[in-house]
Every structure is written in structure tokens, then in C-alpha cells.
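# A closer look at the structure
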Amino acid sequence: MKTKTLLFLLSLIASFSIVSCRKNLKLASWDVDVIAPLAQGKIDLSSLIKSKHLVADNAGLYHLQYSDTLFRIGLDTLIGIPDTTITNEFVIPIGNITFPPGVVFYRDTNRIRYKLKEIGLTFAEIRESLISVELQNTIDERILFRYSILSATLDGDTFKVEEMIDANSTFETQYDLDGYDINFTGLNGDKTNTIITNVEIMIDPAASAPHTFSAGDKFGIDLTFKKIIPEYTRGYFGQQQTLFSDSTAIDLLPNIDFDMIDLTEFSVKMKIDNGVGADLQLSLDRIGSFNSTKNQSVDLSHSVIGSKLQFSRAIDLHPTVEDVKHILKEFEFNETNSNLDELLELKPDAFIFDLDLEINPFGNVSLGNDFVRYGHDLSATLEVDVPLKVGVKGLVLSDTFEFNISDSTDQIEFKPLNDGRLILYLENGFPIEGTIQFILLDEESTALDSLFETPAVIASGVPIGIGSEIDASESVIELLIDQERMDRFNEAKQIVFKGNLSTHNKEVINIYNNGTMEFRLIADVNLNTR
């Protein structure tokens, strides 16, 4: 009996012991080591510069290639037909004058002569135009208005319109001469800049009885010719001299910054194209580049600056497919005959120029057969090709990458933190050295923290031979991290890479399209878990 009682007591004590051990197991704590990737990325010039002008050649060497129009002087500048308004008013001088329906009681043939200084036009094909008409009828009868431009024809038919104007009313409308040919030589063919119009007014032919006019009855006509743009025009364009000062915006490197860049090779061609059927003399008095941020400019030095360039007239081939044969002159700028590298090294956002243009410097040698066709202008284009064989200082590169601890650690919470470190692995495949920094952003792109107190120094990659191969430099940077800083990291959604890079001792390097910089950031931490 004593033995059974003792076994029961031992069994009861053992059961209490087991329960007690299980309870302590739930309250136990231990330390856990966690290694977690935080961010990684690859940086290359094409994604950073984001410029359509950055092009790699067959060997992979990057070039900056840019082509744009420096200036364009077209038909509107050379001719410029002004808006012209004609106002006529016909007043019945005495009363009791009777006209039957359909019989013209007012007729006027008008000669309009455009004031175009020395220019004498004889013919034009109209591309765009607008004729605004206002007719005022104070007569107590409906009238018929007929208007024709005798100088304007389309497929042999003269421009004519008819409008019915109600009694005691004002009528407004618009017409156009698009596609019409205009003869500017007047009725007898011996004038220039002249068009002939005709107006006829009569009582409505459908009226039931003749109309008796009262003294003071009047009819008013306002005609405005405006926005006349010829498709083609011919005549003598005069002996004109015009000065132009202007600028043209450029975006050669729109989103890249640097303190200094040294371009060692470049090839720039300027093509001046005369599509105007008149002899021209052009003087390029100034060509320069302008940086509006720095408010600085650099003027081009080259033999073409200040020289008088003679251009013979373009040749009219209409109605062939080519229409106009242009006259071209080409000038080349390189490192031996110009300072154009200085213009580009300024990182300009505009080219500026001063021109002196003289039309027909030798007078009316064409005997009134100068011509110009729409879209065939006097223009100058620049074609820039700069191989990236450069020395550079303070080149600023920046890119943004995803950063999300929760995604990378499967929702592990980094607290409480015993100790930890951040490890940055970086390979620099560019032959450029400098400093780097990483900045953490929250979901609203607000800066939370930077990775380094001061930017970290990285070595450049080392070119192998004369080709594009680079022996990338490798950097491993470790940083201690505490709980406060880790909490900020937990809020980060993006990480921004910023680099400030320079070539060593300003030496010249070749930049190829296989150059990259790759990084990987990981956290190596020890956590206490309850």
C-alpha cells in the first residue's frame, strides 16, 4: 500500500514538472542572425543620360550625335504679303431714280496694289488665304451682290461669288483663294503687285417690280485680304539687305551635369542650303553657344565667320517631282580649324547667331524671274558627331531603384536589434573614379537617410588593351547600424544612387556601351526574439 501511494505521488510531481517546463518554453527567448538583401541595381550611361543623341558605333564607342536647323529663312520672310483692306461706299446722290430687277445699278472695277518695297511680284499660286467681306445695305429692297477677282483663276475659271443681301441689313462672310493662280500684272500685263477686282450690285432679279431709290440710299463694301501664303511666287525680289539676330534651342545633354569636360575629337558639318530662286550673299557675322543657367556664351572661331558667301539661285524644275534644285555649301569644323569644342563643352541650351543676308546683290539679273516655292528656304543645319574620348571632372550621375525590406525578408520585423551591419558590394566597370552616395526615400519620395555620412570613394575600372574591355574595380564597404537607423530603413521604398565622377588626373578615356556599375546592398543583423 505504501509503495502504491509513493508511486502516485511521484507521478503527480512529474506531471506538475512537465506542465511547468512547457510554460517556461513559451517564455524562452533566443538570438537570430538574419542576412537580407535590401537593394541592387545596374547603372549604365544609356539609362542615366537618357538622350536620343547618345549612339554607340560598331566598336561600342559612344558618340554624341546631334543634327538640327540653325536658322531657316523662308518665303514669308523674303516676300511677306501684307494684309490689305479695301473700303467702298456707293451713295445715291438724288432721289426718284428707278431700276428694274436684275439690272446693275452699281459697278466698280478696282485695282489693288500691294506695297512690297522693292519687290515686284508678277505671279503666285496661293496655298492659304482669307478674304473677309462685310456688305451694308440701307436700301428698302433685297439686292444681289456679285464679286469677282479678275486676276484670280482656278483651272481657267475666274474667282466669282454671289450673295443676296436683305433690305436694311449687314451681311458678313469669308472666302478663300486656296489653289488659285494670281496674275499680279494688272489689266494690261505691265504692272507688278497688282490684282483687279470687280463689283456689281442689282435689285433682286426675283423682285416683282422696279425699285425707286431715295436720295442718300447707300451700299457699303469692306474687303480685307489677309493671311495670304503663296505656294509659289515669281517676280523680282528686289535688292534687299536684312540683318538677323536669333537663337535656336538645343538639348544635346538635357539631363546630365558636370563641372568640366574636355572633348578631344569632334566632327561638325554646317550645311547651308539655298532653295530660293534668287542670288544671295550671306555673311555669318556670329555663331555661338549659350548656357542660360550660367549666363555664359562662347563664340565660334573659324574662317567662315565674317566672310561673304555667294550663292547662285536655285533652279525651278516644276512640275517635276523634285520641283526645285537647291544650291548647297558645306563647311567642316574640327579640332584643328576651330574652337567648336569650347562651344559644346559649355553644355549649351541654345545656339546664337547674327546674319547679314543680301538678296540679288548684283541687281535684277533674272529680269523678273526670281522665284520661291513654299518649303524651299534658305537654311543652315548643323550635324555634330563627338566620339566620347573625353576627360571629365565632376560628372554627376543619378538613378533610382526599388528598396523594400519587407519584400526581401518575408515580413521579418527588424526589432529588437542586438547589433548589425550594412554591406555594400560595388563593381565599377567605368574607367572613372570618384565618390558615391545612396539616399533612402519613403513612399512620398521624402529623404529619410543617407547611407554614408560623407560620400564613399571608389576606384575606377582599368581598361585592358586598346579595346572596350574593362577590368572592373571591386569595393566592399561595411557600416554598423543601430535600431533607430534600422527603423528608418523599414520605412524606405526607394534608394537613389548619386555619383560624382572624374577621370584620373584629367586623362582622356574612351567610354563604351559595355561599361556598367553594379551594386548590391545587404543587411547582416542579429535580432533578439521572444
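Residues numbered from 1 in each chain as written. Predicted model: local features only at pLDDT ≥ 70, side-chain atom pairs only at ≥ 80, totals over all residues. Heavy atoms only, no water.

With that settled, consider the pattern of salt bridges. The full count for this structure, using the stated rule, is 19 salt bridges. A salt bridge links glutamate 162 to arginine 146; the nearest nitrogen and oxygen atoms lie 2.8 Å apart. Here arginine 146 lies in strand β8 (residues 143–154) and glutamate 162 lies in strand β9 (residues 157–165), a separation of 16 residues in the sequence. Each of Arg107, Arg146, Glu162 and Glu200 takes part in a single network of salt bridges with overlapping partners. (Salt bridge = Lys/Arg side-chain N within 4 Å of Asp/Glu carboxyl O. Helix = DSSP H or I, 4+ residues; strand = E, 2+ residues; numbered from the N terminus.)

Here we take up unusual backbone geometry. Histidine 318 connects to proline 319 through a cis peptide bond whose omega is 10 degrees. Its place among the elements puts proline 319 in the loop between β21 (315–316) and β22 (324–325). Unlike most non-glycine residues, aspartate 323 shows phi in positive territory, near 70 degrees. Along the chain, the position of aspartate 323 falls in the loop between β21 and β22. Even without a glycine there, the phi angle at lysine 347 is positive, about 50 degrees. Inspection of the secondary structure puts lysine 347 in the loop between α4 (340–345) and β24 (350–359).

Strand order in the open sheet formed by 5 strands is β2-β3-β26-β17-β23, and the pairing between neighbours is antiparallel. The two strands at the open ends of the sheet, each matched to only one other strand, are β2 (54–56) and β23 (327–334). Averaged over neighbouring strand pairs, the angle between their axes works out to 25 degrees when direction is ignored. Relative to strand β26 (residues 378–387), strand β3 (residues 62–73) runs antiparallel, the two being bridged by 10 bridges. Bridge pairing links tyrosine 66 to valine 384 in β26. (Pairing = 2+ DSSP bridges. Axes fitted to C-alpha atoms, helices over the stretch in contact; angles between N-to-C directions.)

Here the focus is the sheet that holds strand β37 (residues 509–510). The 3 strands lie next to each other as β16-β27-β37, forming an open sheet whose pairing is antiparallel. Strands at the two margins of the open sheet, each flanked by one partner only, are β16 (260–263) and β37.

Attention now goes to a negative patch on the surface. Side chains of Glu427, Glu469, Asp471, Glu474 and Glu518 sit close together on the surface and give a patch of like negative charge. Among the structural elements, glutamate 474 can be located in strand β35 (residues 473–480). (Patch = residues over 30% accessible without salt bridge, like charges linked within 9 Å, V, L, I, M, F, W, Y side chains within 5 Å. Areas by Shrake-Rupley, 256 points an atom, 1.4 Å probe, with all protein chains shown as cover. Lys, Arg positive; Asp, Glu negative; His and termini not counted. Charge placed at Lys NZ, Arg CZ, Asp CG, Glu CD.)

Predicted confidence across the chain gives a mean pLDDT of 87, with 91% of residues reaching 70 or more. Note that pLDDT drops below 50 for residues 1–27; the model gives that stretch 0 contacts with residues more than four away or on any other chain. (pLDDT = per-residue confidence, 0-100. Contact = heavy atoms within 4.5 Å.)

Ranked by size, the top nonpolar core spans 133 residues in total, and within it Phe71, Phe225, Met270, Ile272 and Leu284 carry the most contacts. Residues contacting phenylalanine 225, with those up to four places away along its chain left out, are Pro82, Asp83, Thr84, Ile86, Ile112, Tyr114, Leu130, Ile131, Tyr147, Ile149, Ile195 and Thr197. If you look at the next biggest cluster of nonpolar residues, it comprises 5 residues, including Phe123, Tyr232, Ala314 and Phe371. (Core = buried A, V, L, I, M, F, W, Y, C linked by side-chain atoms within 4.5 Å. Buried < 20%, exposed > 50% of the residue type's maximum accessible area, 1.4 Å probe, protein only.)

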